[in-house]
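Residues per chain are reported as follows:
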Amino acid sequence: MKTKLVIVGGVAGGATAAARARRLDETAEITLLERGPYVSYANCGLPYFLSRDIEKRSKLLLQTPEGFDARYRVSARVGTEALEIDRAGKRVRVKGPEGESWVAYDKLILAQGGTPIMPSVPGAASEHVFKLWTVPDMDRLHGFIEERAPKTAVVVGGGFIGLEMAEAFKKRGIDTTVVELMPTVMGLMDREMGVLVGRELEASGVHVFTGVGVSAVHPEDRTVALSDGRRLPAELVLFSVGVRPELTLAKSAGLALGSTGGLLVDEHLRTSAPDIYAAGDMLEIEHKVSGRKVRVPLAGPANRQGRIAASNALGQSMVYRGALGTSVVKVFEATAAMTGLGEKAARDAGFDVGVAVIHKDHHASYYPGAQEISLKVVYDRKTSRLLGAQAFGRAGVDKRIDVVATALVGKLTVHDLAELDLAYAPPYSSANDPLNLAAFVAENALSGVSPVITAAELLRELAGPTPPLVLDVRNLGEFGRGHVRGAQHIPVDELRCAWETLPRDRRIAVHCRSGFRAHLAVRTLKQLGFTDVVNVTGGYVSMELEGGFSLE
Ligand SMILES: Cc1cc2nc3c(=O)[nH]c(=O)nc-3n(C[C@H](O)[C@H](O)[C@H](O)COP(=O)(O)OP(=O)(O)OC[C@H]3O[C@@H](n4cnc5c(N)ncnc54)[C@H](O)[C@@H]3O)c2cc1C
């Protein structure tokens, strides 16, 4: 008997599910319902068309209803919205170009994605205010830029899409400001990474306002008002403040939701109704490291979930094992990326968190073109297990994060990471890859060979009742350019002659620029009998990024 498979949503999860279903079953009757005018388009590519990096709009349209039919014998019905699921009758009420009708199913897959959140501030419905989620959104925005040639833009929200669009606007000659409510842009990342991203934006000519919201859009004088009373010029406003799962249909069908508000599915991506599966941004899934329920609205998980949902709807028993939230964003010439848990998320999840931060060249320093990469590895001190990593730099960021993403799936420890045999020749890496080095820092901290504290921990200790002595082991020039007020300065190469001036009855927090010279100093002092000596991981670079230190 032919299986009638109906899929609601025809982009990432839905289109993948349709193609997979056909590959598994030549006889199935597959119907793809998409309320928008396009199926299977590259929504991740929309910002790059607007930046003009992608010149041809057609490149974004990966498949058409005709193409789906020719290759997969899938009936892709665009402009067709699913309005109601009749679970008892196993049919979906749809409204399309020919009016309303019912479509029968044996198995149903929901892949409806999410809806961008539009804050209800006054003026948000003005014609110069945009969101970016679909091809029509992109066309509208592109048309507005072409016709009106706006000189100023405000991007509300400094997440992935906001950053990509800030760059796109800037590339089109628009004076652009990003407004972000959180203390830093890229609020999903730990603070220092967000600071680095913010600096990159500013260095590229984008204005950045953090810790402040937009309270109104004023179409009359083309400004936006900030919650602190300031006004910014904005001939164009883009809201990119997040996305909520599209659940109207699922809720009205009585499907269970999870604790995070996403659609509840089991490990086979089956909803609370036996014949209904789901995939993509609308789901609540398990975080692979914390085991907690999360929503991960990203294209990779949506595509893989679509594949599994289709397989299981057609009788297989594939298991979806959750996601890591691995993500990457281009910020002008730089890249920021993360996988697994950041420091804060790991603490919130109850781990005994250890952190190793390095700022190292992405390949051998002596080979031309070396670029500094800031890499933070988060691990569990009890088990040494890796929990996540975040990185920022101009080269080599994505590969480090992808290695850690793989390591996380294998539940590797920092000891495994220290031993990883990674590809090396001077144009690509160093004999010890930055990932190996970060793992060495973690191993040395765990064994007590070279204990570390983070810049944030040092800041807290300095404000406490028994502040440590800050020992700065950089050279005189570096010290002269800026140092912590009250720090003792002994360049690392002079330490063996000058250590007698250091107190033995006080904790000593040693730092250099990025951590390596401080590690040498910690080892020297420890072997001289100093018992309470720690290295500030990431050194002065991380201290500056953390902020809050009294510097002179
Ligand atoms: C501008 C932009 C850039 C992005 N960049 C990245 C990136 O670089 N990396 C990354 O990992 N992710 C990125 N994403 C996120 C990624 O695109 C989404 O996570 C992914 O598309 C989710 O897939 P999905 O199938 O769940 O939903 P979608 O791809 O959003 O598809 C859902 C579809 O369902 C349709 N639909 C909803 N309800 C109904 C209904 N009742 N009847 C019929 N049709 C319906 C919608 O019209 C929509 O087309 C980006 C998203 C955008 C918008």
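Residues numbered from 1 in each chain as written. Predicted model: local features only at pLDDT ≥ 70, side-chain atom pairs only at ≥ 80, totals over all residues. Heavy atoms only, no water.

1. A look at the nonpolar core
A general feature of soluble globular proteins is that nonpolar side chains tend to end up buried together. Quick note on the threshold: We call a set of buried Ala, Val, Leu, Ile, Met, Phe, Trp, Tyr and Cys residues a nonpolar core when their side-chain atoms join them within 4.5 Å. Only protein chains enter the accessibility calculation, which uses a 1.4 Å probe; a residue whose area is less than 20% of its type maximum is buried, one above 50% is exposed, and one in between is partly exposed. Elements are defined by DSSP. Helices are runs of H or I of four residues or more, strands are runs of E of two residues or more, and each kind is numbered from the N terminus.
Phe68, Leu108, Ile109, Leu110 and Leu263 are the most contacted members of the largest nonpolar core, which has 51 residues in total. The leading source of residues in this core is helix α1 (residues 12-24), at five residues. Counting residues in each nonpolar core, the second largest holds 45 residues, with Met138, Ile174, Val206 and Ala334 among its members.

2. Section: the sheet that holds strand β4 (residues 81-86)
Formally: Here the rule is simple: two strands pair whenever DSSP picks up at least two bridges between them. Only C-alpha atoms enter the line fits that serve as axes; for helices the fit covers just the stretch in contact. Angles between N-to-C directions range over 0 to 180 degrees.
Judged by pairing direction, the sheet is antiparallel, and its three strands sit side by side in the order β4-β5-β6 without closing on themselves. If you trace the sheet from one side to the other, it starts and ends with β4 and β6 (99-104), each paired once. Across the sheet, the mean angle separating the axes of adjacent strands is 25° when strand polarity is ignored. The pairing of β4 with strand β5 (residues 91-96) spans five bridges and is antiparallel. Across the sheet, the residue bridging to Ala82 is Val94, located in β5.

3. Considering the pattern of salt bridges
To keep things clear, this is the line we draw: We define a salt bridge as a contact between a side-chain nitrogen of Lys or Arg and a carboxyl oxygen of Asp or Glu at a distance within 4 Å.
For the structure on display, the rule yields 32 salt bridges. Asp352 is the partner of Arg381 in a salt bridge, and the nearest nitrogen-oxygen pair spans 3.2 Å. Placement of the pair is Arg381 in the loop between β25 (372-380) and β26 (386-393) and Asp352 in the loop between α9 (343-348) and β24 (353-361), with a sequence separation of 29 residues. Between Asp472 and Arg474 there is a salt bridge; the shortest N-O distance is 2.8 Å. Its relative accessible area of 0% is what places Asp472 among the buried residues.

4. Focus: helix α17 (residues 539-546)
How we decide: Contact definition: two residues touch when any of their heavy atoms are within 4.5 Å.
Most of α17 is tucked away, with seven of its eight residues classed as buried. Within α17, the full set of buried residues consists of Gly539, Tyr540, Val541, Ser542, Met543, Leu545 and Glu546. Where α17 is buried, its residues contact α6 (191-203), β24, α13 (455-462), β30 (508-511) and β31 (533-536). Backbone geometry just downstream of α17 places Gly547 in the positive-phi region, at approximately 75°.

5. Re the environment of Thr524
Tracing the backbone through its elements, the reader meets Thr524 in helix α16 (residues 516-527). Through-space distance from the C-alpha of Thr524 to that of Gly96 is 75 Å; in sequence the pair is 428 residues apart. Ignoring anything within four residues of it in the chain, the contact list for Thr524 reads Leu495 and Arg496.

6. Focus on the site of the ligand
Keep this limit in mind: If even one non-hydrogen atom of a residue comes within 4 Å of a molecule or strand, that residue is called near it. Definition of a polar contact: a pair of N or O atoms within 3.5 Å, with one able to donate and the other able to accept a hydrogen when the atoms are protein atoms, and with sequence-neighbouring residues admitted only if both atoms are side-chain atoms. Residue burial considers only the protein chains on display, and all accessible areas are found by Shrake-Rupley using a 1.4 Å probe. Three categories are distinguished: nonpolar for Ala, Val, Leu, Ile, Met, Phe, Trp, Tyr, Cys and Pro, charged for Asp, Glu, Lys and Arg, and polar for the others, with Gly belonging to the last.
Around the ligand sit 27 residues, and of these Gly13, Glu34, Ala82, Asp281 and Ala299 come closest. In the environment of the ligand, an oxygen atom lies 2.7 Å from a nitrogen or oxygen atom belonging to the backbone of Gly13. Isolated, the ligand exposes 1,000 Å² of accessible area, and the fraction of that covered by the protein chains is 90%. Mapped by element, the contributors of at least two residues to the shell around the ligand are α1, β2 (29-34), β4 and α8 (299-313). Residues of the shell around the ligand, tallied by class, amount to 15 nonpolar, seven polar and five charged.

7. Some remarks on a nonpolar patch on the surface
Here is the rule: Here a patch means residues that are over 30% exposed by relative accessible area and free of salt bridges, tied together within 9 Å if like-charged and within 5 Å if nonpolar (Val, Leu, Ile, Met, Phe, Trp, Tyr).
On the surface, a nonpolar cluster with roughly 350 Å² of combined accessible area is contributed by Tyr366, Tyr367 and Tyr424. Here Tyr424 lies in the loop between α11 (414-419) and α12 (434-447). By relative accessible area, Tyr424 is classed as partly exposed at 38%.

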